[in-house]
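# Residue-level structural notes
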Amino acid sequence: MKPAPFRYHRARDVHGTTRLLAELGEDAKVIAGGQSLVAMMNFRLARPAHLVDIAPLRELDRLGPGPGGALRIGALTTHHTVETAPDTVLGPGFSVLRRAMGWIGHLPIRTRGTVGGSLAHADATAEWCLLAVTLGAEIVATGPHGERRIPADAFFLGPYTTVLEPDELLTEVVFPRPAPYAALTEFAERKGDFALVSAVVELDIAAGRVRGGRVGLGGVAPVPVRVPEAEAVLAAGGSFAECAAAAAAAADPPGDTNGSAAYRTALIRSLVERACVEAAAGTAAAATGTASATGTARKTVSR
Ligand SMILES: Cc1cc2nc3c(=O)[nH]c(=O)nc-3n(C[C@H](O)[C@H](O)[C@H](O)COP(=O)(O)OP(=O)(O)OC[C@H]3O[C@@H](n4cnc5c(N)ncnc54)[C@H](O)[C@@H]3O)c2cc1C
């Protein structure tokens, strides 16, 4: 199918774009990489009367350090740019982001799809949304009257719904501090599909001991969620298996034609434990490939 008719606008600068969006109101949609929006338009699930193409805003295609060891990622940075960024750009403490990119779709999608588009699209199992919530990222939204910074856990309201106003552009995401002991792992029916369930674990390790950590899940609720019950197990010195069991016990995943609730619960247990093990191996092991999340044994839990 082809999209419904629309008027095309080419963005020239961020401020002018937000003013244009304010003028056009709810009838307008921003297009970045087009990897989600074009499909929705072709299926007539989205019928914007105006399409504002922000691809020319090259100032939003940037990746580099921010204050206090943070990493700043401009909205138009592609998944592939992160996937191929050297440590000198990404910083060794952020290699979890590089490794996570291998889970997103296929190479052509990763070369066009953008970090900002993925966050704004807010699919409940999108890797960037889960990483942002679990690692405590801040999302920067720019509107005609200035900028606001939104913690990722307050940004997502539900599937495909965020707190962005129609006249706001997502301009940047900021990951606040290095996460050298972190890993994302997931299960999808076929390579390149959106995950059925995904897990991110970040461990706080000092002197070779786990002192605590963060556990996040995608695909188990309308938005990505942290799991305090599993994090409490890590803080109390429990094993990775106990942490995974706590995550599975705390979650209340939906069941549908892709998998029952019980199947998703089994996936949570398996994926959280695996993410803990990969996170503990840390950046050095990941760099040598021993803890690589990309493409390895996705199907460890059978139906
Ligand atoms: C076959 C296939 C498989 C895929 N698999 C995965 C997967 O496994 N995991 C995954 O995470 N994604 C997956 N994707 C989606 C892909 O990651 C997209 O790149 C991403 O969801 C959207 O990025 P985009 O730049 O293409 O955004 P677009 O499609 O251009 O826009 C998506 C939405 O975000 C809005 N938007 C875009 N940029 C901004 C901005 N800066 N400010 C405000 N609003 C904005 C648009 O208005 C639109 O509503 C897949 C896509 C395909 C086609």
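Residues numbered from 1 in each chain as written. Predicted model: local features only at pLDDT ≥ 70, side-chain atom pairs only at ≥ 80, totals over all residues. Heavy atoms only, no water.

### Description of the nonpolar core
Definition in use: Residue types Ala, Val, Leu, Ile, Met, Phe, Trp, Tyr and Cys, when buried and joined through side-chain atoms within 4.5 Å, form a set referred to as a nonpolar core. Each residue is placed in one exposure class: buried if its accessible area under a 1.4 Å probe, protein chains only, is under 20% of its type's maximum, exposed if it is over 50%, and partly exposed if it falls in between. By the criteria applied, helices consist of DSSP H or I runs no shorter than four residues and strands consist of E runs no shorter than two, each listed in order from the N terminus. Two residues qualify as a contact provided that any one of their heavy atoms is within 4.5 Å of a heavy atom in the partner residue.
Membership of the largest hydrophobic core comes to 41 residues, with the highest contact counts inside it found for Ile73, Leu97, Leu119, Trp128, Leu131 and Phe175. Elements with a minimum of two residues in this core: strand 5 (71–74), helix 5 (95–100), helix 7 (115–121), helix 8 (127–134), strand 6 (138–143), helix 9 (152–155), strand 10 (169–175) and strand 11 (182–187). Ignoring anything within four residues of it in the chain, the contact list for Leu131 reads Val96, Leu97, Ala100, Met101, Phe175, Leu184 and Val200. Residues Leu196, Val197, Leu203 and Ala279 belong to the second largest nonpolar core, which totals 28 residues.

### Regarding the sheet that holds strand 3 (residues 50–53)
Defined as follows: A pair of strands counts as paired when DSSP detects no fewer than two bridges linking them. Axis definition: a line fit to C-alpha positions, over the contact stretch in the case of helices; interaxial angles, taken between N-to-C directions, run 0 to 180 degrees.
Read from one edge of the open sheet, 3 strands run 1-3-2, paired in parallel fashion. The sheet is open, and its two borders are formed by strand 1 (7–10) and strand 2 (28–31), each paired with just one other strand. In this sheet, neighbouring strand axes are inclined to one another by 25° on average, regardless of whether the strands run parallel or antiparallel. Sitting on the sheet, helix 1 (residues 14–24) is in contact with strand 1, strand 2 and strand 3, with an inclination near 170° to strand 3.

### Examining the environment of Gly255
Inspection of the secondary structure puts Gly255 in the loop between helix 11 (240–250) and helix 12 (261–287). Each residue touching Gly255, except ones within four places of it in the same chain, is listed here: Ser260, Ala261 and Arg264.

### Notes on the layout of surface pockets
Remark: the empty space left among the atoms is shown by a probe the size of a water molecule rolled over them. What counts, and what does not: Cavity and pocket criteria rest on a 1 Å grid covering protein atoms alone: a 1.4 Å probe that fits but cannot get out defines a cavity, protein on both sides within 12 Å along at least 5 of 7 lines defines an open pocket, and an atom within 4 Å of a point defines a lining residue. Grid points are joined across faces, edges and corners, and a volume is the space filled by probe spheres set on the points.
Here the second largest pocket defines a volume of roughly 420 Å³. Forming the walls of the second largest pocket are 20 residues, and the residues nearest its centre are Thr125, Ala195, Leu196, Asn258 and Arg264.

### So, the sheet that holds strand 12 (residues 197–206)
Overall, antiparallel pairing links the 4 strands, which are arranged 11-12-13-14 in an open sheet. Edge positions in the open sheet fall to strand 11 and strand 14 (225–226), since each of these has one partner strand only. For strand 11 and strand 12, the ladder comprises 6 bridges, and the chain directions are antiparallel. Bridging from a neighbouring strand, Ala182 pairs with Glu202 of strand 12. Each of strand 11, strand 12, strand 13 (209–218) and strand 14 is contacted by helix 8, which is oriented at about 140° to strand 13, the strand it contacts most. Docked against the sheet, helix 10 (residues 228–235) engages strand 12, strand 13 and strand 14, running at close to 165° with respect to strand 13.

### Re the pairing of strand 12
The buried fraction of strand 12 is high, at 7 of 10 residues. In this structure, strand 12 lies alongside strand 13, joined through 9 bridges in antiparallel fashion. Opposite Ala199, over in strand 13, you have Leu217 as the bridge partner.

### Examining the confidence of the model for the protein chain
Where we set the bar: On a scale of 0 to 100, pLDDT captures the predictor's confidence in every residue.
Here the protein chain shows a mean pLDDT of 92. Residues at 70 or above account for 93%. The low-confidence segment residues 284–303, where pLDDT is below 50, has 39 contacts with residues more than four positions distant or belonging to other chains.

### Things to note about the environment of Ala207
Looking at the element boundaries, Ala207 is found in the loop between strand 12 and strand 13. Overall, the relative accessible area of 81% leaves Ala207 in the exposed class. Through-space distance from the C-alpha of Ala207 to that of Thr257 is 46 Å; in sequence the pair is 50 residues apart.

### With respect to helix 10
The following threshold applies: It is the directions from the helix axis to the C-beta atoms whose arc is reported.
Listed as buried for helix 10 are Ala230, Glu231, Val233 and Leu234. One side of helix 10 carries all its buried residues, which in axial view fall inside an arc of 155°. Pointing more than 90 degrees away from the buried face of helix 10 are the exposed residues Pro228 and Ala235. Those residues of helix 10 that are buried are in contact with strand 12, strand 13, strand 14 and helix 11. Gly237 occupies a position one or two residues after helix 10 and carries a positive phi of about 85°.

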